[in-house]
Amino acid sequence: MTDTLRPVETAVPDAAPTATGNPQKLKRSIGIVGGTLLTLSCVTPASTLFVVVPDLFSSLGTATALTIAIGSLLCIAVAFCYSELGTLIPSAGGEYAMVSTMAGRLAGWLVFVLSLLVVMIVPPVIAMGTADYLAPIVHLNPSVAGAAVMILATLAGLLDLRANAWITGIFLVLEVIAAALVAVLGFAHSERGVGSLVSMQVADSGGHPDTVTAMLVVSGLAIALFITQGFSTAVYLSEELENPRRNVARTVLATLAISTVIILVPVVAITMGASDLSALTGGDISAMVTAWSNSAVGTFVSLCVALAIINAGIVMVIQNSRVLFASARDKAWPGPVNEGLSRLGRFGSPWVATLLVGVPGAALCFVNLDTLYGVTGVSVTAMYLLVAVAALLARRGHHRHTPAWRMPLWPAVPVLLIAVLAYILTQQETVYLLWTGGITAVATLYWAFYLRPRRDTRWLVSIPEDAEA
């Protein structure tokens, strides 16, 4: 982790330079509104609410809202770290560019692998949920529906980013309407009071009340962190945001605030409005909506969720392709691979990287990925931990004087975050820790035997110059 990098504003020759010999650059085409719409769409509040949250209801019951609230508070500290590092180092590489610059190339490489693991698994897993919410109209095989969503998202990802901001913005409005409708219906049919939110009860296999332990809540925090994880998309888009030194932090913090409200308020309403603990633990939110209203309303909500999942797929493909593009520009791979991944298409998007994200994602829809939710939770927590370490180092040397948004209560915020995230990791299931650890070990071997011996020609993390600085 002590292997140092070039200065932040030093450009590194790229595998695919332009005719003038300069590195390929993404064009700045979106403002804070477009960036926030894209970032919110990656958080995908409605699909998270309807696809991920039910799993928490099944294990945490009435403690689900409390767990998500605690996770959201932790995410404020994480967002502070992302905001400072994202404005200090505005790169499409996201976490790996930030951590590489501050904590060394090996740490940055491991963060890249963790982020790649997350972004490659999550889109197909969520996409496969589309079939459930299209059921009121047509019955589809979940794998086929998920693959179709991934292909559609890939085609949209090849377009101009500004066009995608409008597409995802329209879908996002429908997401918010669906979430708001669930919240209104849940509160209108409340079966229990506010005290139920801290009652820590879940139904067992026989439908009888059981107690949720504090340790189970702590273990659930990894998934709770994952629920609002998409705010980091603002950092991936920092090369394409206008005025990144100002707008990255605004986009990160605004997205976290909005997404927390959109997710947490309906969760509270569902907890209070579920007819009994068995219904809450079952997590069938569409069935609850139908019981609270009628089948037409239930169908409308289901279709909104299906659109939300498609929306999430589009934005995740956009985000993930930028990560691969940046890794090729920074020469993480053998020469021919770097050259292909760094190519830009006629709309200014990295088309090869987009295809390499979307097509394998479609193939993954035919693989059983249920257990990978746990691996994703561990990966997100470990990635946040390394970002917090980088934030702790963000004000040393010449970085202290670089124009950037600066978090309040530094260094207390990153220090506390490191301690909490390390503890959360120790409470995760061993099998998920072993899977993530094994992948990280393989990545370390690639670093040791390929990247490190070629340190002058490989993994040269560069930060595109920002004229505003």
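Residues numbered from 1 in each chain as written. Predicted model: local features only at pLDDT ≥ 70, side-chain atom pairs only at ≥ 80, totals over all residues. Heavy atoms only, no water.

A.B. asks: Could you give me a rundown of the overall build of the protein chain, with the residues and numbers involved?
C.D. replies: Counting its regular elements, the protein chain contains 19 helices and two strands. By the burial criterion, 59% of the 469 residues in the protein chain qualify as buried. In the form shown here, the protein chain has an accessible surface area of approximately 17,300 Å², with 68% of it arising from carbon and sulfur atoms. (Helix = DSSP H or I, 4+ residues; strand = E, 2+ residues; numbered from the N terminus. Buried < 20%, exposed > 50% of the residue type's maximum accessible area, 1.4 Å probe, protein only. Areas by Shrake-Rupley, 256 points an atom, 1.4 Å probe, with all protein chains shown as cover.)

A.B. asks: Break down the packing of aromatic side chains for me, with residues and values.
C.D. replies: Taken as a whole and assessed by the stated rule, the structure comprises twelve aromatic pairs. Aromatic pair Tyr82 and Tyr384: ring centres 6.0 Å apart, planes at 85 degrees, arrangement edge-to-face. Here Tyr82, found in helix α3 (residues 64-88), pairs with Tyr384, found in helix α17 (residues 372-392); they are 302 residues apart in sequence, far enough to count as distant. Just as Tyr82 is buried, Tyr384 falls in that class too. A ring pair is formed by Phe112 and Trp459, whose centres lie 6.0 Å apart and whose planes are at 50 degrees; its orientation type is tilted. Highlighted residues: Phe112 in helix α5 (residues 105-127) and Trp459 in the segment after α19 (430-451), separated in sequence by 347 residues. Taken individually, Phe112 and Trp459 each receive the classification buried, so the pair is uniform in this respect. Here the aromatic cluster, defined as three or more aromatic residues joined through ring pairs, consists of Tyr96, Trp109, Phe112, Trp333, Tyr446, Tyr450 and Trp459. (Phe/Tyr/Trp six-rings, centres within 6.5 Å; stacked < 30°, edge-to-face > 60°.)

A.B. asks: Lay out the pattern of salt bridges with the relevant residues and their values.
C.D. replies: A full pass over the atoms with the stated rule returns three salt bridges. Here Arg395 makes a salt bridge to Glu84, at a shortest N to O gap of 2.9 Å. Placement of Arg395 in the loop between α17 and α18 (412-426) and of Glu84 in helix α3 is noted, with a sequence separation of 311 residues between them. Glu84 shares its class with Arg395; the two are buried. One salt bridge in this structure joins Arg406 and Glu84, with 3.0 Å as the shortest N-O distance. Linking Arg406 in the loop between α17 and α18 with Glu84 in helix α3, this pair joins segments that are 322 residues apart in sequence. Glu84 sits in the buried class, given a relative accessible area of 0%. Taken together, the salt bridges that share partners define one network made up of Glu84, Arg395 and Arg406. (Salt bridge = Lys/Arg side-chain N within 4 Å of Asp/Glu carboxyl O.)

A.B. asks: Break down the environment of Ala312 for me, with residues and values.
C.D. replies: Along the polypeptide, Ala312 turns up in helix α14 (residues 295-329). Look at Ala312 and you get buried, because its relative accessible area is 1%. As for Ala312 and Ser47, which are separated by 265 residues in sequence, their C-alpha atoms are 7.8 Å apart. If we skip the residues at most four places from it in the chain, Ala312 touches Ser41, Thr44 and Ser47. (Contact = heavy atoms within 4.5 Å.)

A.B. asks: Hey, could you go over the confidence of the model for the protein chain for me, with residue numbers and the actual values?
C.D. replies: Should pLDDT be low for a region, the predicted coordinates there are not to be read in detail. When the pLDDT values of the protein chain are averaged, the result is 82; 88% of them are 70 or greater. Predicted confidence is poor over residues 4-23, with pLDDT under 50, and the contacts of this stretch with residues over four places away or in other chains come to 42 contacts. (pLDDT = per-residue confidence, 0-100.)

A.B. asks: Residue-level account of helix α9 (residues 214-227), with values.
C.D. replies: Its 14 residues place the ends of α9 20 Å apart at the C-alpha level, agreeing with the 20 Å of an ideal helix rising 1.5 Å per residue. In the structure, α9 departs most strongly from a straight axis at Leu221, where the bend amounts to approximately 35 degrees. Counting buried positions along α9 yields ten of 14 residues, so the element is predominantly enclosed. The set of residues buried in α9 consists of Val217, Val218, Gly220, Leu221, Ala222, Ile223, Ala224, Leu225, Phe226 and Ile227. (Expected span 1.5 Å × (residues − 1). Bend = angle between axes of the 7 residues up to and from the residue.)

A.B. asks: Describe the packing of α9 against α18, and please don't skip the residues or the numbers.
C.D. replies: Remark: α9 packs on α18, axes separated minimally by 9 Å, with the N-to-C direction vectors making an angle of 110 degrees. In terms of their interaxial angle, α9 and α18 are classed as roughly perpendicular. Residues Met215, Val218, Leu221, Ala222 and Leu225 of α9 form the contact with α18, whose participating residues are Leu421, Tyr423 and Ile424. Looking at the contact of α9 with α18, its residues break down into eight nonpolar, no polar and no charged. (Axes fitted to C-alpha atoms, helices over the stretch in contact; angles between N-to-C directions. Parallel < 35°, antiparallel > 145°, perpendicular 65-115°, else oblique. Nonpolar A, V, L, I, M, F, W, Y, C, P; charged D, E, K, R; others polar.)

A.B. asks: Help me get a handle on helix α2 (residues 45-60), residues and values and all.
C.D. replies: Note: α-helices contain 3.6 residues per turn, so residues at a spacing of three or four share the same orientation. Between its first and last C-alpha, α2 extends only 19 Å over 16 residues, short of the 22 Å set by a 1.5 Å rise per residue. At Val53, α2 shows its strongest bend, of approximately 40 degrees, with the proline Pro54 following within four residues. Of the residues one or two after α2, Gly61 is the one with positive phi, at around 55 degrees.

A.B. asks: Would you mind going over unusual backbone geometry in detail, with residue names and values included?
C.D. replies: Across the junction of Trp410 and Pro411, the peptide omega takes the value 5 degrees, indicating a cis bond. In this model, Met200 sits at a positive phi of 55 degrees, which is unusual for a non-glycine residue. Summarising the element assignment, Met200 is placed in the loop between α8 (161-188) and β1 (201-203). A relative accessible area of 18% places Met200 in the buried class.

A.B. asks: Would you mind going over the side chain of Ser327 in detail, with residue names and values included?
C.D. replies: With respect to the helices and strands, Ser327 occurs in helix α14. Exposure remark for Ser327: the relative accessible area of 0% places this residue in the buried category. Discounting residues that sit within four places of it in the chain, Ser327 has contacts with Tyr96, Phe112, Ala332, Trp333 and Asn338.

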